[in-house]
Amino acid sequence: MFESLIGLVAIIALFVIVSRQQSRIGLIERELGALRSLVLSGVVPSKARPSEQASPDSARADVAPAAADISSPAISEPVVAQAPPATEAEAPIDEAGPWAPSKTAPKAAEPSAPTAPARAARQSDVETALGTRWAVWVGGIALALGGLFLIRYTIEAGIFGPGVRLTMAAVLGLVLVAGGEFIRRTGFRVPVQGVAGAYIPAILTAAGAFILFGTVYAAHGIYGFIGPAFAFTLLGAIGVATIAAALVHGQALAGIGLVGAMVTPVLVASQAPNPWALFGYLAIVLAATGIIARMRDWKALMAAAFFGTGAWTILYMTDAPEANLSAILFIDAVTLAVLALVWLARRGDEAVQASVFDWPSIVPGLFVAFSALGLSVDPVFAAAGYALPGAVVIAAMVAVALYRPLALPLLYAAGLVTVLIYLGIIPPTSIVSDLSGGALGVDGLPVAMSNALTMRIGIALGLVFIGTGFWAARRFAGGKKIRAASWAAWGVIVPLVILLALWFTFGNLDRDFVYGAVAALLVVVFAAGGEWIARAEVPPLTGRVAVSFALGGAAVAGLLMLHMAFDSGWTTILLGAAAIVPALATRWRSYPVLGWISVGAVIAVLGRVAFDPTIVGAEFLSKTPVFNWLLPGYGVPALAFGFAAWQLARMTNGRPRLAMEAAAALFALLTLAMLVRHAMHGGVIDTGAMTLAEQAIYTLIAIGAGAILVAIDMRSPSSVLRYGSMAAGVISVAFIVVRHFAVLNPLFTDESTGRIPVFNLLFLAYLLPAVAAGGLALYARNKRPKWYAQMLAVVAAVLALAYATLSVRRLFKGEFIGLWSGLGQLETYTYSALWLIIGVALLTAGVWLKSQVLRIASAALIAIAVLKVFIFDMSELEGVLRALSFIGLGAVLIGIGLFYQRLLTRAAKSEVG
């Protein structure tokens, strides 16, 4: 069935080719006739044809002999038979094949008008593909399969013996290879532009190589005519030869040869596999492929060769019962050598500057790094002490990346593997449970060994990354910013991870001055390295990404130093104070990262207080009010953040300054709030329900913070202070509405209001917040939006009303004023009189302060009093109290009317005057 399909396709292709070539020959004859007429008349065309424009040099080279022939009247037919001027697509293929870059690439001009050749070139692409590409490829596949089918037929028919059949197949393969070479050497031309992929000599060579591969495998795997060693050698030789032939036949043939070479070890089985034979063979294939790929700049071929070699290495390490360390190190070394000395060789400064990295380098980076990871963490390799060779492989990767800047992926792979190795040695005693192996485990199996050798290797790798990272970052700081940032980043990340892992594994987690001193040393090294890199920037001391990584690493090292050398209380305090250091550094250097390092200190302190709000632990926190660890634990960071914000405002005035201002305000509020809670709950801040007294203090703190932020903003304008002050006011109003009036209201909770007549809970929870909110509303007028001041004024009025009303109830009911005790007639009358008096007072204050909000609040309160008198008092009061209620209401309303009349009369006189 498949043979019939191939035959049918071949017949169709042949018919289409023959039919279309006649029209093409006619077109060429007409073109040559027109050219003959122009030459004989001596007229030069005003507009060159596209074919002539595409290749002016070749056209000039061919016009002269054509003109000589055409000028002779006796010979016209030879002229017609002569080939037209060669275009770029029809240029002779040199020894490098059609895929080689041409030495001269003339630029084609845009044709001004479509001509006959242009219209012919725009005919059906399907027809062109069928006649020029598909026919060639199907023919090549048919030839390759034909050789195999021939062997199969002779087997089924029993015509020839196995030896003869294999000999015939080998001869066919060699004939196809020789035929391809013969056609190439006889001046084969690609027939149509854009069909270099159907290069016939390459197709014939690939078919021959395919048949030779099958013949050798059958001789070994099916019939056993040759042994594994000889078969292995032959298959390898065929693969390498096919790859070498790609120099003249193109990358596709190289891919075929590479696939055949990489599957050869699978095809040839051996009772006693020899790793040196395998990796020696792979080294030869990789080196040969690297040389050829470098000559033609075939990136995909090079990446495929690295992939095949790396895959064989990993398979050997995972499947071999006793892996040979020397063989693994050998193939890793060969891989790195081919990458550095072959593939990336002779790439000058222009190539280095053109791109950040060479993408085929990603493949060897991943596989070599994975082999180093296996040597370090695999139980078998780790038990054999192979961690040191694994570290040597990592160091070699860093060295290659340093030697060849385009091999930057090796740096990332080496850094990532080192981080994974040393994260794997952290013991789980503080995470899950204590394992006997002393290493982080999965189902009881350690991820990596933690011993003295691991410590020494970590120190050595840390020094390697620091030295090479900062040296390379300085080298590239003036040009390649991404490359410089990459080296600086890994020069910081790897040492910090190693230090952290070694501290968790071998150090004292409570307090360890040795590791603290090492962290302090890293602070100095990273800070000095950042300054060293900054001096090499163009322009110098700009503080770009590489410098940011270095200084950020110094900040993280400082954070580790504080955790290692001090207990929890001092760590929090010193972390907050450390925010001042980078802010002060802006006096000498305007690096953008300095302000963000201060913000990082804020984040670190927030993380610590979120983890332990008591600063030193609940069991160590003193019960003494105010003067305990909470005061410096929250107060010192608040002061430090405020000073850092002030310093940043003087030097940079960017977003970090706004963040520091917000942090200072937040920690100032937290300081007061935590001290209040500590005092209200007897020295315990993490238990107990909130009371109205405690909530009143928080509300006063929020109102006071809003006033302070407004005052600071007026002296040093800032969007953080502006919106922060309004946020504090809104939060305080929310506290009042939800907590004071609803949730914690003593009318509903029946909480004790205290035994002191005036200075009691009502004074603290209602009168003081009323005064504070009213004062803030008055201060914020013309400084904040109108709605903000009006909101505070209304809340202040409602708080004052609540204080007066609840005070009256306390006067009648005593310490406990819950609603369950009911209302008396005199108490009811007193509320009416009180509300009218407060309404008049609000009206007076509104007129005096020229506040429309207070006047409206006065009208609302008086309206409520009127409704109460006519609805509630009329039915509940009796006798003289009912009469006095209505008399008082009438007198107040008439007085308000007179007041407004005089007010309006005075206003009218002032307008007339």
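It should be emphasised that the depicted structure is a prediction, and the values quoted were computed from it without experimental measurement.

Colleague: What's the story with the overall build of the chain in this structure? I'm lost.
Modeller: Check the secondary structure of the chain and you find 35 helices and two strands. For the chain, buried positions account for 43% of its 913 residues. If you take every contact in the chain between residues at least 6 apart in sequence, the share linking residues at least 24 apart comes to 72%. By element, 70% of the accessible surface of the chain is carried by carbon and sulfur atoms, the whole surface being about 44,800 Å².

Colleague: I keep staring at the side chain of Arg 608 and nothing clicks. Help me out?
Modeller: With respect to the secondary-structure elements, Arg 608 resides in helix H25 (residues 592–611). One buried charged residue, Arg 608, remains without a salt bridge, the closest side chain of opposite sign being Asp 612 at 5.9 Å. Setting aside residues no more than four positions away along its own chain, Arg 608 makes contact with His 563, Ser 568, Thr 571, Thr 572 and Leu 575.

Colleague: Teacher, can you tell me more about empty space enclosed by the protein here?
Modeller: Take a probe with the size of a water molecule and roll it over the atoms, and the empty space left behind shows itself. One pass over the structure, following the stated rule, counts two cavities of 30 Å³ or more. Lining the largest cavity, in full, are Phe 306, Thr 309, Gly 310, Thr 313, Ile 314, Ile 331, Asp 332, Thr 335, Pro 364, Phe 367, Val 368 and Ser 371. Put simply, the parts of the chain that give the lining of the largest cavity at least two residues each are helix H12 (299–319), helix H13 (325–343) and helix H15 (362–377). A per-class count over the lining of the largest cavity returns six nonpolar, five polar and one charged.

Colleague: I'm lost on the nonpolar core in this one. Help?
Modeller: As a rule of thumb, soluble globular proteins bury nonpolar side chains together. Core analysis: the biggest nonpolar cluster contains 106 residues, and Tyr 422, Trp 487 and Phe 526 have the highest contact counts within it. The leading source of residues in this core is helix H20 (residues 481–506), at 13 residues. Sequence-distant contacts of Trp 487, that is, excluding residues within four places in its chain, are made with Val 398, Ala 401, Leu 402, Leu 408, Leu 411, Thr 468, Gly 469, Ala 472, Ala 473 and Phe 476. Within the second largest apolar cluster, 30 residues are counted, among which are Met 726, Ala 765, Ala 777 and Val 853.

Colleague: Help me out: how do you make sense of a nonpolar patch on the surface in this one?
Modeller: Taken together, the side chains of Phe 357, Trp 359, Ile 362 and Leu 366 define a hydrophobic patch exposed on the protein surface, amounting to about 390 Å² of accessible area. Relative to the elements of secondary structure, Phe 357 occurs in the loop between helix H14 (349–354) and H15. Under the relative-accessibility criterion, Phe 357 is labelled partly exposed at 37%.

Colleague: Honestly, the pattern of salt bridges in this entry has me stumped. Any pointers?
Modeller: Think of it this way: side chains of opposite charge can pair up when their charged atoms draw near. Considering all chains together, one arrives at eight salt bridges under this definition. As a salt-bridge pair, Glu 815 and Arg 755 come within 3.9 Å of each other at their nearest N and O atoms. With Glu 815 in the loop between helix H32 (786–813) and helix H33 (825–849) and Arg 755 in the loop between helix H30 (746–749) and helix H31 (761–780), the pair connects residues that are 60 residues apart, well separated along the chain.

Colleague: Help me out: how do you make sense of the packing of helix H22 (residues 545–565) against helix H23 (residues 568–578) in this one?
Modeller: Each pair of packed helices gets described by two things: the angle between the helix axes and the distance between those axes. Orientation of H22 relative to H23, taken along the N-to-C sense of each, is 155°, at an axis distance of 8 Å. One finds that H22 runs roughly antiparallel with respect to H23. The crossing of H22 and H23 is right-handed. Facing Leu 559, Leu 562 and His 563 of H22, the residues of H23 in contact are Thr 571, Leu 574 and Leu 575. When the residues that make up the contact of H22 with H23 are grouped by side-chain class, the tally is four nonpolar, two polar and no charged.

Colleague: Sorry if this is basic, but what is going on with the packing of aromatic side chains here?
Modeller: Centre-to-centre distance and the angle between the planes together describe a pair of aromatic rings. Taken as a whole and judged by the stated rule, the model has 13 aromatic pairs. Measuring from centroid to centroid gives 5.9 Å for Phe 470 and Phe 526, while their planes differ by 15°, and the two rings are stacked. Of the two residues, Phe 470 is situated in helix H19 (residues 452–476) and Phe 526 in helix H21 (residues 513–534); the sequence distance between them amounts to 56 residues. When sorted by exposure, Phe 470 lands in the same class as Phe 526, which is buried. Between the aromatic rings of Phe 641 and Phe 667, the centroid separation amounts to 5.3 Å while the plane-to-plane angle is 80°, which identifies the pairing as edge-to-face. Taken together, the residues Phe 641 in helix H26 (residues 630–651) and Phe 667 in helix H27 (residues 655–680) connect sequence positions 26 residues apart. For the pair Phe 641 and Phe 667, one class covers both residues: buried.

Colleague: Sorry, what's going on with H13 here?
Modeller: Structural remark: α-helix, 3.6 residues per turn; residues separated by three or four positions point the same way. For H13, spanning 19 residues, the distance from its first C-alpha to its last is 26 Å, which sits close to the expected 27 Å at 1.5 Å a residue. Along H13, the largest kink reaches about 25° and is centred on Ala 337. Leu 325, Ala 327, Ile 328, Ile 331, Asp 332, Val 334, Thr 335, Leu 336, Val 338, Leu 339, Ala 340 and Trp 343 are the residues of H13 that are buried. Contacts made by the buried residues of H13 are with helix H11 (275–296), H12, H15, helix H16 (379–383), helix H17 (387–403) and helix H18 (408–423). Between a side-chain oxygen at the N-terminus of H13 and the backbone nitrogen of Ser 326 the separation is 3.0 Å; the capping residue is Asn 324.

Colleague: Please clarify how the side chain of Ser 732 should be interpreted in this entry.
Modeller: Of note, Ser 732 is situated in helix H29 (residues 719–743). Ser 732 sits in the buried class, given a relative accessible area of 0%. If near-sequence neighbours (up to four positions away) are discounted, Ser 732 is found in contact with Thr 699, Ala 702 and Ile 703.

Colleague: Before we go on, may I ask you to explain the packing of H17 against H19 in this structure?
Modeller: For the pair H17 and H19, the least separation of the axes is 11 Å and the interaxial angle reads 5°. In this view, H17 runs roughly parallel relative to H19, as classed from their interaxial angle. Along its contact with H17, which presents Ala 387, Leu 388, Ala 391, Ile 394, Val 398 and Leu 402, the element H19 presents Ile 457, Leu 461, Val 464, Phe 465, Thr 468, Trp 471, Ala 472 and Arg 475.

Colleague: Where do I start with the environment of Leu 575 in this structure?
Modeller: Topologically, Leu 575 is positioned in helix H23. On the accessibility criterion, Leu 575 (5% relative accessible area) is buried. Separated by 30 residues in sequence, Leu 575 and Val 605 place their C-alpha atoms 6.4 Å apart. Leave out the neighbours within four places in its chain, and Leu 575 touches Leu 559, Leu 562, His 563, Ala 601, Ala 604, Val 605 and Arg 608.

Colleague: Help me out: how do you make sense of the environment of Ala 484 in this one?
Modeller: If you trace the backbone, Ala 484 turns up in helix H20. A residue is classified by how much of its surface remains accessible, and Ala 484, at 2% relative accessible area, is buried. Filtering out sequence-adjacent residues up to four positions away, Ala 484 remains in contact with Ala 473, Phe 476, Ala 477 and Ala 546.

Colleague: Looking at this structure, how should I read the confidence of the model for the chain?
Modeller: Low-pLDDT portions of the prediction should not be read for the details of their coordinates. Chain-level pLDDT for the chain is 75 on average; 65% of the residues reach the 70-or-more range. Long-range and interchain partners of residues 190–198, a stretch whose pLDDT sits below 50, account for 24 contacts in this model, where long-range means more than four residues apart.

Colleague: Even after reading the chapter, I still don't get the environment of Val 363, so can you show me in this structure?
Modeller: For Val 363, the position within the fold is in helix H15. Sequence separation of Val 363 and Ala 304 is 59 residues, and the distance between their C-alpha atoms is 8.4 Å. Sequence-distant contacts of Val 363, defined by excluding residues within four places in its chain, comprise Ala 303, Phe 306 and Phe 307.

The rules behind these values
Residues numbered from 1 in each chain as written. Predicted model: local features only at pLDDT ≥ 70, side-chain atom pairs only at ≥ 80, totals over all residues. Heavy atoms only, no water. Helix = DSSP H or I, 4+ residues; strand = E, 2+ residues; numbered from the N terminus. Buried < 20%, exposed > 50% of the residue type's maximum accessible area, 1.4 Å probe, protein only. Contact = heavy atoms within 4.5 Å. Areas by Shrake-Rupley, 256 points an atom, 1.4 Å probe, with all protein chains shown as cover. Lys, Arg positive; Asp, Glu negative; His and termini not counted. Salt bridge = Lys/Arg side-chain N within 4 Å of Asp/Glu carboxyl O. 1 Å grid on protein atoms, 1.4 Å probe; cavity = no way out; pocket = protein on both sides within 12 Å on 5 of 7 lines; lining within 4 Å. Points joined across faces, edges and corners; volume = space filled by probe spheres on them. Nonpolar A, V, L, I, M, F, W, Y, C, P; charged D, E, K, R; others polar. Core = buried A, V, L, I, M, F, W, Y, C linked by side-chain atoms within 4.5 Å. Patch = residues over 30% accessible without salt bridge, like charges linked within 9 Å, V, L, I, M, F, W, Y side chains within 5 Å. Axes fitted to C-alpha atoms, helices over the stretch in contact; angles between N-to-C directions. Parallel < 35°, antiparallel > 145°, perpendicular 65-115°, else oblique. Left-handed = near helix turned anticlockwise from the far one by under 90°. Phe/Tyr/Trp six-rings, centres within 6.5 Å; stacked < 30°, edge-to-face > 60°. Expected span 1.5 Å × (residues − 1). Bend = angle between axes of the 7 residues up to and from the residue. Polar contact = N/O pair within 3.5 Å; in protein donor to acceptor, adjacent residues only side chain to side chain. pLDDT = per-residue confidence, 0-100.

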